[in-house]
Amino acid sequence: ISRKREEEAAMARAEQLRSNLLRSISHDLRTPLTSISGNAGVLMSDGENLSAEHRSRIYRDIYDDSMWLINLVENLLSITRMEGQGVHLHMETELLEEVIDEAMRHINRRHEHHTIRVNQVGDYILADMDARLIIQVITNLVDNAVKYTPAGGKIAVSVVLWEMYVEIKVTDTGKGISESNQAAIFRRFYREEEVHEQQGVGIGLYLAREIVTRQGGYIKVVSEPGKGSEFSIMLPTK
């Protein structure tokens, strides 16, 4: 009887997760897909009459929306695997410089209106991690910083070596987060009301916390409205 109740509870949680995912992503999927199909239709019907600059802009928009959808799918796959305990960590000793370089190659192209720099204190910093998942975390944090930082703002990715941990910090000069929301932002599907016009289903930070926690680390945020935010990932050193 106890086992049956556990199975029923697990099925109920899975069904609730599916419902929440469908409800949360329906609007966010429609927006980029409408943009992609609309731009593709313009190219098909009138592409030869458009200027090279106009075509290039349409190509970039299609690419950016496609990459956003790919990132969303990656996040959804990771979150559903973790909820179903289907994720298996591949922990290896990694060089932080290489991990961050790879993450920066996955950043949304729309960061071109922001200044992004990478700072590392010390050479050959090693840490045990599942590199693929940590790359996903860093990408999510930098993309979030780009999303909520006005054009012309600054974003920095820094690495600091402590005695027992290595710290990866993503700092921005964006709108900041109120103190009352700083704990809530790590909840699944959470988004601040005033930024709902931004794309996103509210799983990026929840996923980041789950990934980092399962690798023996933790994530925190320090922020002040109007003065930007600093997200810190702490991972055990080698």
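Keep in mind the model is a prediction, meaning the values are calculated, not measured.

Parameters and conventions
- Residues numbered from 1 in each chain as written.
- Predicted model: local features only at pLDDT ≥ 70, side-chain atom pairs only at ≥ 80, totals over all residues.
- Heavy atoms only, no water.
- Helix = DSSP H or I, 4+ residues; strand = E, 2+ residues; numbered from the N terminus.
- Buried < 20%, exposed > 50% of the residue type's maximum accessible area, 1.4 Å probe, protein only.
- Axes fitted to C-alpha atoms, helices over the stretch in contact; angles between N-to-C directions.
- Parallel < 35°, antiparallel > 145°, perpendicular 65-115°, else oblique.
- Left-handed = near helix turned anticlockwise from the far one by under 90°.
- Contact = heavy atoms within 4.5 Å.
- Pairing = 2+ DSSP bridges.
- Phe/Tyr/Trp six-rings, centres within 6.5 Å; stacked < 30°, edge-to-face > 60°.
- Expected span 1.5 Å × (residues − 1).
- Patch = residues over 30% accessible without salt bridge, like charges linked within 9 Å, V, L, I, M, F, W, Y side chains within 5 Å.
- Areas by Shrake-Rupley, 256 points an atom, 1.4 Å probe, with all protein chains shown as cover.
- Salt bridge = Lys/Arg side-chain N within 4 Å of Asp/Glu carboxyl O.
- Core = buried A, V, L, I, M, F, W, Y, C linked by side-chain atoms within 4.5 Å.

S.K.: Whenever I open this one, the environment of arginine 214 confuses me. Can you help?
M.R.: Counting through the fold element by element, arginine 214 comes out in helix H5 (residues 204-214). The partly exposed category is assigned to arginine 214, whose relative accessible area is 32%.

S.K.: Looking at this model, I keep getting lost on the packing of helix H3 (residues 96-104) against helix H4 (residues 131-147). Mind explaining?
M.R.: Packed helix pairs are characterised by how far apart their axes lie and by the angle those axes make with each other. It is the contact of H3 with H4, at a shortest axis distance of 9 Å, that shows an interaxial angle of 55°. Here H4 runs oblique to H3, going by the angle between their axes. H3 and H4 meet at a crossing whose hand is right-handed. Residues Val99, Ile100, Glu102 and Ala103 of H3 form the contact with H4, whose own contacting residues are Ala131, Ile134, Ile135, Ile138 and Thr139.

S.K.: So what exactly am I meant to see when it comes to the pairing of strand E7 (residues 229-236) here?
M.R.: Each regular strand displays side chains that alternate between the two surfaces of the sheet. Judged by how many residues are buried, E7 sits mostly within the fold: 6 of 8 residues are covered. Relative to E7, strand E5 (residues 165-172) is paired through 7 bridges, and the arrangement is antiparallel. The residue bridging glutamate 167 from the neighbouring strand is methionine 234, located in E7. In the sheet, strand E6 (residues 218-223) pairs with E7 via 6 bridges, with the strands oriented antiparallel. When the bridges of E7 are listed, isoleucine 219 appears paired with isoleucine 233. Following E6, the chain reverses through 5 residues before pairing antiparallel with E7; glycine 226 in that reversal takes a positive phi of roughly 85°.

S.K.: Hey, could you run me through the packing of aromatic side chains in this one?
M.R.: Where two aromatic rings form a pair, the distance of their centres and the angle of their planes describe that pair. This model, assessed by the stated rule, comprises 2 aromatic pairs. Relative to tyrosine 218, the ring of tyrosine 165 lies with its centre 6.0 Å away and its plane at 65°, an arrangement referred to as edge-to-face. Here the residue tyrosine 165 occupies a position in strand E5, and tyrosine 218 occupies one in strand E6, the gap between them amounting to 53 residues.

S.K.: Teacher, can you tell me more about H4 here?
M.R.: Helical geometry note: an α-helix holds 3.6 residues per turn, so side chains three or four residues apart project in the same direction. With 17 residues, H4 ought to run about 24 Å at 1.5 Å a step, and its terminal C-alpha atoms sit 24 Å apart, in line with that. Judged by how many residues are buried, H4 sits mostly within the fold: 15 of 17 residues are covered.

S.K.: Help me understand H5, please; the structure alone is not making it clear to me.
M.R.: Counting buried residues in H5 gives 8 out of 11 residues, a clear majority hidden from the surface. Looking only at H5, the buried set comprises Gly204, Leu205, Tyr206, Leu207, Ala208, Glu210, Ile211 and Val212. Just beyond H5, the residue with positive phi is glycine 216, at close to 85°.

S.K.: I keep staring at a nonpolar patch on the surface and nothing clicks. Help me out?
M.R.: Taken together, Tyr63, Met67 and Ile70 make up a surface patch of nonpolar side chains, about 260 Å² in accessible area. Among the structural elements, methionine 67 can be located in helix H2 (residues 52-83). For methionine 67, a relative accessible area of 31% puts it in the partly exposed group.

S.K.: Is there a simple way to think about the nonpolar core in this case?
M.R.: Side chains of nonpolar character tend, in soluble globular proteins, to be buried together. Ranked by size, the top nonpolar core spans 39 residues in total, and within it Leu96, Ile138, Leu141, Ile168, Phe231, Ile233 and Leu235 carry the most contacts. Among the secondary structure elements, those contributing two or more residues to this core are H3, strand E3 (126-129), H4, strand E4 (154-161), E5, H5, E6 and E7. The element contributing the most residues to this core is H4, with 10 residues. Other than its neighbours up to four places away in sequence, isoleucine 168 contacts Leu96, Ile100, Ile138, Val157, Ser158, Phe231, Ser232, Ile233 and Leu235. Core analysis: the next-biggest nonpolar cluster, separate from the first, contains 9 residues, Leu50, Ile58, Ile62 and Ile203 among them.

Bear in mind that shape data such as this cannot, by itself, settle questions of function.
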